[in-house]
Amino acid sequence: MDLHFGDSKPTDEERAAVDSLLGLPTSAWEGAEDRTDSDLRWARGGREARERRDLLLPGLHAINDRIGWISEGALDYLCRRLTVPPAEAYGVATFYAMFAVKPRPAKVLHVCTDLACASKGSAALCAGLEERLGAAGSAAGGLVWQPSPCLGLCERAPAALVIQAGVPSDEGSVPLPLADTGVTEKVQLGGARPSWPAGANPAGQGRTNPAAPARTGNGVSAEPAARRYATAVIAPATAEALVLAAAEPAAAPAEPAASLAVPQAGQPGLSLLARVGVVDPYSLDDYRAHDGYRALRRAFDLGPAGVIREVTDAGLVGRGGAAFPTGRKWQATASQPVRQHYLVCNADESEPGTFKDRVVMEGDPYALIESMTIAGYAVGADRGYLYLRGEYPRALRLLQNAIDQARARGLLGDDILGQGYAFDIEIRRGAGAYICGEETALFNSIEGYRGEPRSKPPFPVESGLFGKPTAENNVETLINVLPILNRGAAAYAAIGTGQSTGPKLFCVSGNVGKPGIYELPFGATLGELLELAHAPDNMRAILLGGAAGGFVRPDELDIPLTFEGTRAAGTTLGSGVVLVLDDTVPLPKMLVRIAEFFRDESCGQCVPCRVGTVRQEEALHRIVDRTGADAAQDIALLREVGAAMKDASICGLGQTAWSAVESAIDRLGAYK
């Protein structure tokens with residue numbers, strides 16, 4: 001292994017960022033500045049340090065969150081601490097869109113330009129920012145703004161996220177905005193304080209200004225306090241609001257309650273969304289007062305095999321798009337003789353138009369923690385990883401608080417509810433890579449490698465995270481386990497259809513009157529869903545399944561929203577995206593945006609996807625203003641490239657990169 005280090009040295013602040021995660025170095029071999037006699041006699045680190053390779057991504061976050069970018073000296077220091085070759089770490093750092101390896105300002109403004117935001121005026125928003133802040137990517141006044149793929153805020157489009165690098169707060173108190181009231185609750189730090197992941201402590205969220213000058217006893221301003229790490233979500237966004245938020249992220253208005261993203265909130269008959277807007281997402285007691293942890297107690301009564309049998313009999317299948325039977329996956333993992341087993345929750349929902357998992361995590365975070373505990377118990381795992389989108393700061397705060405509170409109350413840890421079962425959960429933040437939604441790419445990301453998909457077999461249930469049997473499910477799939485255990489498999493299976501059982505969450509956005517998350521039983525029609533969302537009369541197209549899905553026409557509203565129903569109609573349900581476009585939206589430009597998205601998000605590992613996504617984008621740019629015979633040659637090329645990507649790409653990204661474009665050409669007649 002080549003451990004060639006450069007001559008660059010980390011600054012004191014960069015050292016502090018890494019040491020806050022890893023602790024102080026114990027020898028010069030790990031980067032300590034003073035070399036002792038013992039350091040000259042034997043080397044330290046080696047295998048012990050290399051076994052911490054999975055801390056590379058948290059380490060990169062710690063540096064990027066503290067400084068705003070990752071210098072060569074900081075990267076070298078982190079590599080010394082973990083015994084990782086700097087060349088490999090550089091490859092990891094440059095893989096993620098949220099990291100920078102060149103100097104940039106401490107404040108970065110990410111402006112979504114993806115499908116839902118594009119349909120709601122993101123182009124005009126970007127034009128307004130260019131007038132006020134200069135061209136995208138140009139630094140001015142301690143700020144840089146840049147276009148971003150989907151931020152998962154589609155119900156409030158157009159959306160933007162401000163991130164200010166700085167020192168994480170670990171003294172005093174952290175303001176925790178109460179999502180349903182807008183009131184700021186002070187939680188004293190010390191004792192049961194939230195243990196934020198490195199660099200992610202939300203100091204100054206809400207209405208406080210952590211960077212304000214400190215006051216001495218005589219009222220004279222002392223030296224300004226260190227710049228604090230802060231984030232601000234602005235949605236729906238205007239250019240004026242973004243300029244103000246970027247100037248002082250910590251003083252930006254608090255986000256609206258998660259329940260506002262659920263038009264059905266508080267209505268009877270809901271299952272997965274029943275607690276959103278009803279319980280305080282910070283309160284474990286409130287969660288338990290609304291049937292919280294009843295399912296876990298029943299799981300212990302049933303035993304691991306009994307839980308898997310219930311999930312299997314209920315007919316639960318994955319809600320991320322693949323629709324693989326969850327019970328079969330859990331059984332295959334549990335039956336592996338190799339120990340240890342892992343559970344991974346995929347909360348990296350990056351499909352354009354998808355935001356259901358965010359709403360669940362922000363509105364009912366304890367439900368996910370309970371569900372993960374049940375799943376871990378069923379598959380024989382004692383450790384779970386929750387891989388969360390890096391663009392979800394509020395979900396991060398709420399989930400970490402839920403984990404801390406559950407651990408303090410004996411609902412996580414060595415002896416859960418006195419049943420002798422040990423299980424704990426660790427959050428790992430993503431850093432802006434759509435491909436990490438693919439399960440094996442996600443495993444590589446957690447392990448500290450580039451988030452590139454692995455070849456299968458072996459399958460994750462045999463050799464997944466750290467080479468061990470792993471069950472991986474997304475947020476929606478996991479929370480469906482609660483109604484299965486609370487009501488019984490038979491009652492759950494009676495909801496929906498024979499092949500698609502239970503309730504389903506749909507993400508409705510675009511040109512509709514009431515965007516948001518809707519819970520409907522499988523079997524409801526597309527028309528029934530769009531009636532709830534107040535779809536316009538001048539619909540041009542409906543995109544099902546996101547950028548990796550397909551378009552349908554406004555005269556196809558009788559399509560049943562089931563896996564088998566959409567398949568029979570020649571489209572896909574995917575993750576539940578329903579994006580409505582009216583006749584004011586230029587469809588060819590939306591197709592170009594889809595192609596740009598896949599070009600940017602391709603990991604580049606396989607040739608069909610790496611080259612095909614570029615060729616697809618080039619062809620769509622050429623015909624953006626053409627129709628008929630003028631576009632025929634490029635459409636023929638698109639079909640050839642699309643077939644190659646579909647047949648030969650290593651993972652679903654390349655295999656579906658052509659799907660939406662193909663459906664727009666064949667189903668909508670986009671270029672006739």
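Relevant structure appears above.
Here we summarise the structure given alongside this text. This one's a predicted model, so the numbers in the text were calculated from it and none came from an experiment. (Residues numbered from 1 in each chain as written. Predicted model: local features only at pLDDT ≥ 70, side-chain atom pairs only at ≥ 80, totals over all residues. Heavy atoms only, no water.)

Glancing now at the overall build of the chain. Across its full length, the chain carries 26 helices and 17 strands. Burial status across the chain gives 59% buried among its 672 residues. Once local pairs closer than 6 in sequence are excluded, the contacts in the chain between residues at least 24 apart make up 73%. Accessible area for the chain stands at about 25400 Å²; split by element, carbon and sulfur atoms hold 50% of it. (Helix = DSSP H or I, 4+ residues; strand = E, 2+ residues; numbered from the N terminus. Buried < 20%, exposed > 50% of the residue type's maximum accessible area, 1.4 Å probe, protein only. Contact = heavy atoms within 4.5 Å. Areas by Shrake-Rupley, 256 points an atom, 1.4 Å probe, with all protein chains shown as cover.)

What follows is about the environment of Gly-68. Within the secondary structure, Gly-68 is located in the loop between helix 4 (56-67) and helix 5 (72-82). Of the residues examined, Gly-68 reaches a relative accessible area of 4% and is grouped as buried. Taking the C-alpha atoms as reference points, Gly-68 and Lys-107, 39 residues apart in sequence, are found 7.3 Å from one another. When sequence neighbours within four positions are dropped, the list of residues in contact with Gly-68 reads Ile-63, Ala-100, Arg-104 and Ala-165.

Each α-helix turn comprises 3.6 residues. Residues three or four places apart therefore point the same way. Under the 1.5 Å per step criterion, the end-to-end length of helix 14 (residues 365-379) is 22 Å for 15 residues, consistent within 8% with the ideal 21 Å. With 15 of its 15 residues buried, helix 14 lies for the most part within the structure. Positive backbone phi, approximately 80°, marks Gly-380, located one or two places after helix 14. (Expected span 1.5 Å × (residues − 1).)

This paragraph deals with unusual backbone geometry. Residue Pro-158 is bonded to the preceding Ala-157 through a cis peptide linkage, with omega at -5°. One can find Pro-158 in the loop between strand 2 (143-148) and strand 3 (160-164). Omega for the bond connecting Ala-235 with Pro-236 falls within 30 degrees of zero, at -5°, which places this linkage in the cis form. Locating Pro-236 in the fold gives a position in the loop between strand 8 (230-234) and helix 9 (239-247).

The subject of this paragraph is the pairing of strand 11 (residues 424-429). Where burial is concerned, most of strand 11 is hidden: 5 out of the 6 residues are buried. Handedness of the strand 10 (residues 381-388)-helix 15 (residues 393-408)-strand 11 crossover: right-handed. (Right-handed = clockwise from strand over helix to strand, strands pointing away.)

Scanning all chains against the criterion turns up 15 aromatic pairs. Their ring planes at 50° and their centres at 6.1 Å tell us that Tyr-342 and Tyr-385 sit as a pair that is tilted. Here Tyr-342, found in strand 9 (residues 341-347), pairs with Tyr-385, found in strand 10; they are 43 residues apart in sequence, far enough to count as distant. Just as Tyr-342 is buried, Tyr-385 falls in that class too. (Phe/Tyr/Trp six-rings, centres within 6.5 Å; stacked < 30°, edge-to-face > 60°.)

Moving on: helix 4. Its 12 residues give helix 4 an end-to-end C-alpha distance of 16 Å, which sits within 8% of 16 Å, the value for a rise of 1.5 Å per residue. Counting buried residues along helix 4, 12 of its 12 residues qualify, which places the element largely inside the surrounding structure. Residues Leu-56, Leu-57, Pro-58, Gly-59, Leu-60, His-61, Ala-62, Ile-63, Asn-64, Asp-65, Arg-66 and Ile-67 constitute the buried set of helix 4. Lining the buried residues of helix 4 we find helix 1 (12-22), helix 5, helix 6 (86-93), strand 10, strand 11 and helix 16 (439-447). At the C-terminal side of helix 4, Gly-68 shows a positive phi close to 110°.

Here we take up the sheet that holds strand 13 (residues 503-510). Taken in spatial order, the 5 strands make up an open sheet running 14-13-17-15-16, and their pairing is mixed. A single partner strand is all that each edge strand has here, and the edge strands are strand 14 (516-521) and strand 16 (550-552). Neighbour-to-neighbour, the strand axes of the sheet open up by a mean angle of 30°, direction not taken into account. Bridging between strand 13 and strand 14 involves 6 bridges; their strand directions are antiparallel. By the bridge assignment, Pro-503 is partnered in strand 14 with Pro-521. Docked against the sheet, helix 22 (residues 587-601) engages strand 15 (539-544), strand 16 and strand 17 (577-582), running at close to 160° with respect to strand 16. (Pairing = 2+ DSSP bridges. Axes fitted to C-alpha atoms, helices over the stretch in contact; angles between N-to-C directions.)

Pairs may arise between side chains of opposite charge once their charged atoms sit close together. Within the structure shown, the criterion is met by 40 salt bridges. Ionic pairing is found between Arg-275 and Asp-364, a salt bridge with its closest N-O pair at 3.0 Å. You can see Arg-275 sitting in the loop between helix 9 and helix 10 (284-289) and its partner Asp-364 sitting in the loop between helix 13 (356-363) and helix 14, a full 89 residues away along the chain. A single burial state applies to Arg-275 and to Asp-364, both of which are buried. Ionic pairing is found between Arg-383 and Glu-426, a salt bridge with its closest N-O pair at 2.7 Å. Here the residue Arg-383 occupies a position in strand 10, and Glu-426 occupies one in strand 11, the gap between them amounting to 43 residues. (Salt bridge = Lys/Arg side-chain N within 4 Å of Asp/Glu carboxyl O.)

Interpretation note: all reported values are geometric properties and have no functional meaning in isolation.
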